[in-house]
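So you can see what is in the structure, the chains are spelled out below.
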Amino acid sequence: MDIWADMRRHRAIRESEVQRHRRGMIWTCAERGEIPDEKLEQAVGRAVREFRGRAGMTQTQLAELSGLTQAAISRLEHGKCMPTFALLERIAGAFGSALLVSVEPGRGVTVAFTDSGEAA
């Protein structure tokens, strides 16, 4: 494996994410298709971090609204823990949004927050 090629690929992915974020686009991990072996806890963490950022909320504010600690939110956002359904429900409630998780062969995991009225 070529470490330098991996580093260039990672940098290209990150630059692409920043460009999309600057344009105000909302996307999910699966739509990007750039992290095929991302684990569920990493996908959930990324979705929470991105949605919290778009909401202009700090980790401390999210922790207070969800009844968790700031450290627990940090662990969740960095994919360091496997969230339970009860925890995901608390996070979704704090955001006032529905949390949709989809697992598809060949596409990996899709995690997205939506307005409660948009959930299918």
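Residues numbered from 1 in each chain as written. Predicted model: local features only at pLDDT ≥ 70, side-chain atom pairs only at ≥ 80, totals over all residues. Heavy atoms only, no water.

Visitor: Could you give an account of the pairing of strand β2 (residues 108-115), naming the residues involved and the relevant values?
Guide: Counting buried positions along β2 yields six of eight residues, so the element is predominantly enclosed. Summarising the sheet, strand β1 (residues 97-104) and β2 pair through eight bridges and their orientation is antiparallel. Across the sheet, serine 102 pairs through a bridge with threonine 110, a residue of β2. Where β1 folds back onto β2 in an antiparallel hairpin, the turn is made up of three residues, including glycine 106, whose phi is positive at roughly 85°. (Buried < 20%, exposed > 50% of the residue type's maximum accessible area, 1.4 Å probe, protein only. Helix = DSSP H or I, 4+ residues; strand = E, 2+ residues; numbered from the N terminus. Pairing = 2+ DSSP bridges.)

Visitor: Can you explain the side chain of glutamate 41? Please cite residues and give values.
Guide: Residue placement: glutamate 41 occurs in helix α3 (residues 40-54). Despite its burial, glutamate 41 pairs with no opposite charge, the nearest such side chain being lysine 39 at 4.7 Å. Among all residues touching glutamate 41, those that are not within four sequence positions of it are Leu76, Gly79, Cys81, Met82 and Pro83. (Lys, Arg positive; Asp, Glu negative; His and termini not counted. Salt bridge = Lys/Arg side-chain N within 4 Å of Asp/Glu carboxyl O. Contact = heavy atoms within 4.5 Å.)

Visitor: Any chance you could break down the packing of aromatic side chains for me, citing the residues and the numbers?
Guide: As enumerated under the stated definition, the model contains three aromatic pairs in all. Aromatic pair phenylalanine 51 and phenylalanine 95: ring centres 4.7 Å apart, planes at 65°, arrangement edge-to-face. Residue phenylalanine 51 is located in helix α3, and its partner phenylalanine 95 is located in helix α6 (residues 85-95); the two are separated by 44 residues in the primary sequence. One exposure class covers both phenylalanine 51 and phenylalanine 95, and it is buried. Between phenylalanine 95 and phenylalanine 113 the ring centres are 5.0 Å apart and the planes differ by 85°, which places this aromatic pair in the edge-to-face class. Separated by 18 residues along the polypeptide, phenylalanine 95 in helix α6 and phenylalanine 113 in strand β2 bring together distant segments of the chain. Accessibility expressed as a relative area gives 12% for phenylalanine 95, which makes it buried. What makes phenylalanine 113 buried here is its relative accessible area of 11%. Members of the aromatic cluster, connected to one another through ring pairs, are Phe51, Phe95 and Phe113. (Phe/Tyr/Trp six-rings, centres within 6.5 Å; stacked < 30°, edge-to-face > 60°.)

Visitor: If you had to explain the nonpolar core to someone new, which residues and values would you point to?
Guide: Ranked by internal contacts, the top residues of the largest apolar core, which has 22 residues, are Val48, Leu62, Ile91, Phe95, Val111 and Phe113. Of all the secondary structure elements, the ones that give two or more residues to this core are α3, α4 (59-66), α5 (70-77), α6 and β2. In terms of residue count, α6 provides more of this core than any other element does, six residues in total. Each residue touching phenylalanine 95, except ones within four places of it in the same chain, is listed here: Val48, Phe51, Arg52, Met57, Leu62 and Phe113. (Core = buried A, V, L, I, M, F, W, Y, C linked by side-chain atoms within 4.5 Å.)

Visitor: I'd like to hear about α5, residue by residue, with values.
Guide: Within the span of α5, buried status applies to Ala72, Ile73, Leu76 and Glu77. Mapping the buried residues of α5 onto a view down its axis gives an arc of 130°, with all of them on the same face. If you follow the buried residues of α5, they end up packed against α3, α4 and α6. (Arc of directions from axis to C-beta.)

Visitor: Tell me about α4, and name the residues and values.
Guide: Taken together, the buried positions of α4 are occupied by Gln59, Leu62, Ala63 and Ser66. All buried residues of α4 lie within an arc of 100° about the axis, which places them on one face of the element. Within α4, the exposed residues directed more than 90 degrees away from the buried face are Glu64 and Leu65. Close packing links the buried residues of α4 with α3, α5 and α6.

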